[in-house]
Amino acid sequence: MESVLPVAAAATLHRIRRIQAITIAWMTVEAVVSLSAAWMAHSPALLAFGGDSAIELLSAAVVYWRFRSRLSDDRTEKLAARITGGLLFALAAYVALVAVLALLGHVEVRPSFLGIVVLIVAAVVMPVIAQQKRRLSTMTASAALRADAAESALCGYLSIIALAGLLANAFWGVTWADPVAALCLIPLVAREGW
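The residue count restarts for each chain, going from 1 along the sequence in the order it is written. Residues qualify for local features only when their pLDDT is at least 70, as the model is predicted, and side-chain atom pairs are given and counted only at 80 or more; totals for whole chains, interfaces and linings, by contrast, use all residues. Remark: hydrogens and water are excluded; side-chain values derive from all non-hydrogen atoms of the structure.

Caption draft 1: The overall build of the protein chain, seen in detail. Counting its secondary structure elements, the protein chain contains 6 helices and 0 strands. A run of H or I in DSSP counts as a helix once it spans at least four residues, and a run of E counts as a strand once it spans at least two, with each numbered from the N terminus. Element order for the protein chain, N to C, with α for helix and β for strand: α-α-α-α-α-α. In summary, the protein chain has a C-alpha radius of gyration of 18 Å against a globular reference of 16 Å for 194 residues, a match within 12%. If one aligns the C-alpha atoms of the protein chain with their principal axes, the spans along those axes are about 60 × 30 × 20 Å. Exposed residues in this analysis have more than 50% of their type's maximum accessible area, buried residues have under 20%, and partly exposed residues fall in between, with area computed by a 1.4 Å probe over protein chains only. Burial analysis of the protein chain (194 residues in total) assigns 45% to the buried set. We call two residues in contact when some of their heavy atoms are within 4.5 Å. The contacts in the protein chain between residues at least 6 apart in sequence include a share of 79% that link residues at least 24 apart. Throughout, the radius of gyration refers to the C-alpha atoms, and the reference size of a globule is 2.2 Å times the residue count to the power 0.38.

Structure, rendered in structure tokens:
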């Protein structure tokens, strides 16, 4: 079917698939590294960021599949959105629990320089990816791609907030900054889930 599409439409589909493939690759790295760093440092902020990255990976894969397959329909997109939203709410609840335990002193939050590096890269990369997705969603009038662009933009904001907590902990020894940053991320994660 693609061979009968106009050249401009085929080029747009190619660009969408390419940006989604880049997103999938980056989100895989981002999720694995940030969740590993969260586990090593007992960092609620990295846990929130890494969990959101894993869910954004799922979303990017669904959008990639949507533009790869002619068989995808609105029911599939709505189901994927509901599952992703539910996972984000569960993530918000879990992060709240871990952050409160850290603030109460049940978990010692340690600095994570690996986490700081991945957050800096995300703060730079994700806004660029979000901008590309917004342009392509306008060209295709795709609500799924527009939503995925919003998730990419939010990932950039989340990385900045988490980075503030990790930097305060790593360089000034403010151990409560990490769980407080995680608590600041919860409304954004829940809003994304909604």
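Caption draft 2: The arrangement of the nonpolar core in detail. By nonpolar core is meant a set of buried Ala, Val, Leu, Ile, Met, Phe, Trp, Tyr and Cys residues that side-chain atoms within 4.5 Å join together. Core analysis: the largest hydrophobic core is formed by 42 residues, its most contacted members being Val 95, Leu 119 and Met 126. Looking at this core, the elements that each hand over two or more residues are α1 (7–41), α2 (44–68), α3 (74–103), α4 (113–140), α5 (143–172) and α6 (177–193). Ranked by residues supplied to this core, first place goes to α5 with 9 residues. Ignoring any residue separated from it by four or fewer positions in sequence, one finds Val 95 in contact with Pro 44, Leu 47, Ala 48, Ala 182 and Ile 186.

Caption draft 3: Region of the structure containing the packing of α4 against α5. Here an axis means a line fitted to C-alpha atoms, over the contact stretch when the element is a helix, while the angle between two N-to-C directions is reported on a 0 to 180 degree scale. Two elements in contact, α4 and α5, have axes whose closest approach is 7 Å; the angle formed by their N-to-C orientations is 165 degrees. Considering the angle they form, α4 stands roughly antiparallel to α5. When the axes of α4 and α5 are compared, the crossing they make is left-handed. Each angle receives one of four descriptions, namely roughly parallel if under 35 degrees, roughly antiparallel if over 145, roughly perpendicular if within 65 to 115, and oblique otherwise. Definitions for this section: a left-handed crossing has its near helix turned counterclockwise from the far helix by less than a right angle. A right-handed crossing has that turn clockwise.

Caption draft 4: Quick peek at the side chain of Glu 151. You can see Glu 151 is positioned in helix α5. A residue counts as positive if it is Lys or Arg and as negative if it is Asp or Glu; His and the chain ends are not included. By definition, a salt bridge exists where a carboxyl oxygen of Asp or Glu is found within 4 Å of a side-chain nitrogen of Lys or Arg. Of the buried charged residues, Glu 151 lacks a salt bridge, with Lys 133 as the closest side chain of opposite charge at 7.3 Å. Residue contacts for Glu 151: discarding those within four places in its chain leaves Glu 56, Ser 59, Thr 84 and Glu 192.

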